[in-house]
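Spelled out from the first residue to the last, the chains are:
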Amino acid sequence: MKPMIKTQKARLYALLDSEEEIARAALKRALDTPGNRRSGAAHDSNERDYVAQVASYALEIERIAQARSRLSARTYGVCSECHSDIKFGRLLAYPTTLWCDKCQSMFDQLHEPRQHQPARDHGTRM
Ligand SMILES: [Zn+2]
């Protein structure tokens, strides 16, 4: 992709920083909230929600870290599917995105948009 100008890059770094701050604060809040844990069998679904929530915050933090390393490796802003440039406006809206508009909408047509994939047994890092 054509090299990003310094101010664009600085804006994205700042954006990733604030996104990470938000995700970390949310994660910390979730972990600090008493009562959700060790609540027994009657609250199994609460426990599941809680675990899913914590996992999604952790995943977000991981995605932000990956986006940051793509930024410094200069692979940032290139669609991982079709290798075309991702529009800067889209990067501002979704700074951790891996896909351009076209690939994203193709994916959304194939899957329920913005729904979490069911948890799989393999590759769980939590
Ligand atoms: Zn694409």
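Located above this text is the structure these notes cover.
Being a predicted model, the structure only gives us computed values, none of them experimental.

Rules used in this analysis
- What you see as residue numbers is a count from 1 along each chain, following the sequence as written.
- Confidence filtering applies because this is a predicted model: local features only for residues at pLDDT of at least 70, side-chain atom pairs given and counted only at 80 or more, and all residues used for totals across whole chains, interfaces and linings.
- Under the scheme used here, helices are H or I runs from DSSP no shorter than 4 residues and strands are E runs no shorter than 2 residues, and both carry numbers assigned from the N terminus.
- Partly exposed residues are those falling between the two cut-offs: more than 12 but fewer than 20 other C-beta atoms within 10 Å of their own, whereas 20 or more means buried and 12 or fewer means exposed, with C-beta atoms placed from the backbone.
- Axis definition: a line fit to C-alpha positions, over the contact stretch in the case of helices; interaxial angles, taken between N-to-C directions, run 0 to 180 degrees.
- For classification, angles of less than 35 degrees are called roughly parallel, those exceeding 145 degrees roughly antiparallel, those between 65 and 115 degrees roughly perpendicular, and all remaining angles oblique.
- Helix crossings are classified by the rotation of the near helix relative to the far one: an anticlockwise turn of less than a right angle makes the crossing left-handed, while a clockwise turn makes it right-handed.
- Whether two residues are in contact depends on their C-beta atoms, placed from the backbone: they are in contact if these lie within 7 Å.

> Whenever I open this one, the overall build of the protein confuses me. Can you help?
Scanning the protein from N- to C-terminus turns up four helices and zero strands. Mapped from its N terminus to its C terminus, the protein presents α and β elements in the order α-α-α-α.

> Explain unusual backbone geometry to me, please; I cannot follow it from the model alone.
At Arg-74, a residue that is not glycine, the phi angle is positive and equals roughly 65 degrees. Residue placement: Arg-74 occurs in the loop between α2 (44-73) and α3 (88-93). Non-glycine residue His-83 carries a positive phi angle of around 60 degrees. Mapping His-83 onto the fold places it in the loop between α2 and α3. For His-83, a count of 10 C-beta atoms within 10 Å puts it in the exposed group.

> For this particular structure, what's the right way to read the packing of helix α1 (residues 6-32) against α2?
Helix-helix packing is characterised by the crossing angle of the two axes and by the distance between the axes. Between α1 and α2, the shortest axis-to-axis distance is 9 Å and the interhelical angle comes to 160 degrees. Accordingly, the angle class assigned to the pair α1 and α2 is roughly antiparallel. As α1 runs across α2, the sense of the crossing is left-handed. Facing Lys-9, Leu-12, Tyr-13, Leu-16, Glu-19, Glu-20, Ala-23, Arg-24, Ala-26, Leu-27, Ala-30 and Leu-31 of α1, the residues of α2 in contact are Gln-53, Val-54, Tyr-57, Ala-58, Glu-60, Ile-61, Ile-64, Ala-67, Arg-68 and Leu-71.

> It is not clear to me how the environment of Ala-58 should be interpreted in this structure. Could you clarify?
Examined against the element boundaries, Ala-58 turns out to sit in helix α2. Each C-alpha atom, one on Ala-58 and one on Leu-27, is 7.1 Å from the other, the two residues being 31 residues apart in sequence.

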